[in-house]
Amino acid sequence: MKRLMIIVPCFNEQEVFENTLQRLSNLLFDLIKRQKIAENSGILFVDDGSTDNTRQLITEAHQKYSHVYGVLLAANVGHQNALVAGLEVAADMCDVTITIDADLQDDIFAIEQMLDKFQGGCDIVYGVRSDRKTDSFLKRTTAELFYKFMNFLGVKTVNNHADFRLLSVRATKQLLKYTERNLFLRGIVTELGYKTDCVYYKRQKRTAGKTKYSPRKMIKFAWEGITSFSIRPMKLIMALGLLIMLCSFLALCYVLASYFFRNAGGGWPSLMISIWFLGGVQLFSIGVVGQYIGKIYLETKGRPRYNIDEVLNHENNE
Ligand code: UDP
Ligand code: MG
């Protein structure tokens, strides 16, 4: 029987914690009872430097229940890095991991289907939202645009898949070999190449608490995704430069022609427009190139992605 670890990143999730713990525990016990997973399977909560009571709640739950494990990070490092911290700790403890958000917006009953596919030989099983009606219009459309744009840029992602997924231990370990700081897990997992499948479910509303992804965090996340996987933006800028050069050449022909044939030409407004336009394009382009250089700068420093304060593990205590 395979040992499962359900990894739950938590950032200021005190409002949902009890409910999440309850529901996941019930599911876990049920799966154990029906011999789908090993008896020592568990739930691993990753506290991503919460400033509310989440940390205490995790610690208390760990002391109370033998199936609750914890990774307490020293500071907030963001959803993706918190997931990696959890995967890294879990990789040495279990045979298969499932990551799921603390608010349980993803359907926990899809977990059993995921395990069935895992038993059937899949190393990676994606949870895919077949229906996003519960998301706000803005979130839905921006997310859709984002996935379209990523595909256009040549990044393979699974549409409508967030970070609800099953990974076998060998897929987890392979994933951890991608040591980049600018992490976009959804893109990396599709590069692993192991046997993959999908499970479909309806996305629920958050039961309590607010989204921890502010618009600012969302934009940052999207930009990370784009720039850590594709250098096509730089190519697009080169193409834009060429196009503008061509246009200016045509404009030059036009000005020369009107000068020779009609003895009239120019005027300062046209000049200003072209200067401003080109200035803007240049600044923007330098900015994009700068973003990539910034990434190189961050990567070369090779700083750790997270700092673990404490691991709550029953095996160590014994
Ligand atoms: N999260 C985290 N660190 C952060 C932000 C979020 O660990 O800096 C966790 C959060 O606790 C939740 C998951 O990431 O378990 C997804 O966040 P949320 O549900 O707020 O995002 P949404 O579903 O609105 O996209
Ligand atoms: Mg959520």
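Nothing here was measured: the structure is a model prediction, and the numbers come from that model.

About the cut-offs
Residues numbered from 1 in each chain as written. Chains lettered and ligands numbered in written order. Predicted model: local features only at pLDDT ≥ 70, side-chain atom pairs only at ≥ 80, totals over all residues. Heavy atoms only, no water. Helix = DSSP H or I, 4+ residues; strand = E, 2+ residues; numbered from the N terminus. Rg over C-alpha atoms; globule rule 2.2 N^0.38 Å. Buried < 20%, exposed > 50% of the residue type's maximum accessible area, 1.4 Å probe, protein only. Lys, Arg positive; Asp, Glu negative; His and termini not counted. Charge placed at Lys NZ, Arg CZ, Asp CG, Glu CD. Axes fitted to C-alpha atoms, helices over the stretch in contact; angles between N-to-C directions. Parallel < 35°, antiparallel > 145°, perpendicular 65-115°, else oblique. Left-handed = near helix turned anticlockwise from the far one by under 90°. Contact = heavy atoms within 4.5 Å. Nonpolar A, V, L, I, M, F, W, Y, C, P; charged D, E, K, R; others polar. Near = heavy atom within 4 Å. Polar contact = N/O pair within 3.5 Å; in protein donor to acceptor, adjacent residues only side chain to side chain. Areas by Shrake-Rupley, 256 points an atom, 1.4 Å probe, with all protein chains shown as cover. Donors = N, O, S within 2.8 Å, 3.2 Å for Na, K, Ca; no water. Phe/Tyr/Trp six-rings, centres within 6.5 Å; stacked < 30°, edge-to-face > 60°.

Observations concerning the overall build of the chain
Stage number 1. Along its length, the chain carries 11 helices and 8 strands.
Stage number 2. What you see for the chain is a C-alpha radius of gyration of 25 Å, clearly larger than the 20 Å of a compact globule of 318 residues, by over 25%.
Stage number 3. In terms of overall dimensions, the chain has a C-alpha envelope of 95 × 35 × 35 Å along the principal axes.
Stage number 4. Counting across all 318 residues of the chain, residues that qualify as buried make up 45%.
Stage number 5. Averaging the locations of the 39 positively and 32 negatively charged side chains of the chain gives two centres separated by 9 Å.

Some remarks on the packing of helix α1 (residues 14–33) against helix α2 (residues 54–64)
Stage number 1. At their nearest, the axes of α1 and α2 sit 9 Å apart, and the two run at 20° to each other. By the criterion of interaxial angle, the relationship of α1 to α2 is roughly parallel. The two elements α1 and α2 cross, and the hand of that crossing is right-handed. For the pair α1 and α2, the contacting residues are Gln14, Phe17, Glu18 and Leu21 in the first and Thr54, Leu57, Ile58 and Ala61 in the second.
Stage number 2. Considered class by class, the residues forming the contact of α1 with α2 number 5 nonpolar, 2 polar and 1 charged.

Describing the site of ligand 1
Stage number 1. The local shell around ligand 1 holds 19 residues, among which Glu13, Asp48, Asp103, Thr211 and Lys212 are the closest.
Stage number 2. A distance of 3.2 Å separates an oxygen atom of ligand 1 from a polar atom in the side chain of Asn76.
Stage number 3. In isolation ligand 1 exposes 540 Å². Once the protein is present, 95% of that is buried.
Stage number 4. Looking at the shell around ligand 1, its residues break down into 5 nonpolar, 5 polar and 9 charged.

A closer look at the coordination of the magnesium ion (ligand 2)
Stage number 1. Distances from the magnesium ion (ligand 2) to its protein donors, Asp103 (OD) and Gln105 (OE1), fall within 1.9 to 2.0 Å. The pair Asp103 / Gln105 is uniform in exposure class, with both members buried.

What to know about unusual backbone geometry
Most of the time, phi is negative for any residue but glycine, and the peptide bond is trans.
Stage number 1. Positive phi is not limited to glycine here, since Asn12 has a value of about 50°.
Stage number 2. Take Asn12: it is sitting in the loop between β1 (4–10) and α1.
Stage number 3. According to the relative accessible area criterion, Asn12 is buried, its value standing at 17%.
Stage number 4. Positive phi, normally seen in glycine, also occurs at Leu104, with a value near 50°.

Thoughts on the packing of aromatic side chains
Stage number 1. Scanning the entire structure with this criterion turns up 6 aromatic pairs.
Stage number 2. With a centroid separation of 4.7 Å and an interplanar angle of 50°, the aromatic rings of Phe17 and Phe45 are classed as tilted. In this pair, Phe17 is assigned in helix α1 and Phe45 in strand β2 (residues 42–47), connecting sequence segments 28 residues apart.
Stage number 3. Relative to Phe221, the ring of Phe184 has its centre 5.2 Å away and its plane inclined at 50°; by these criteria the two rings are tilted. Linking Phe184 in the loop between α6 (169–176) and α7 (185–192) with Phe221 in helix α8 (residues 215–229), this pair joins segments that are 37 residues apart in sequence.

A closer look at the side chain of Thr97
Stage number 1. As for its placement among the helices and strands, Thr97 is situated in strand β4 (residues 96–99).
Stage number 2. Here Thr97 falls in the buried class, since its relative accessible area comes to 2%.

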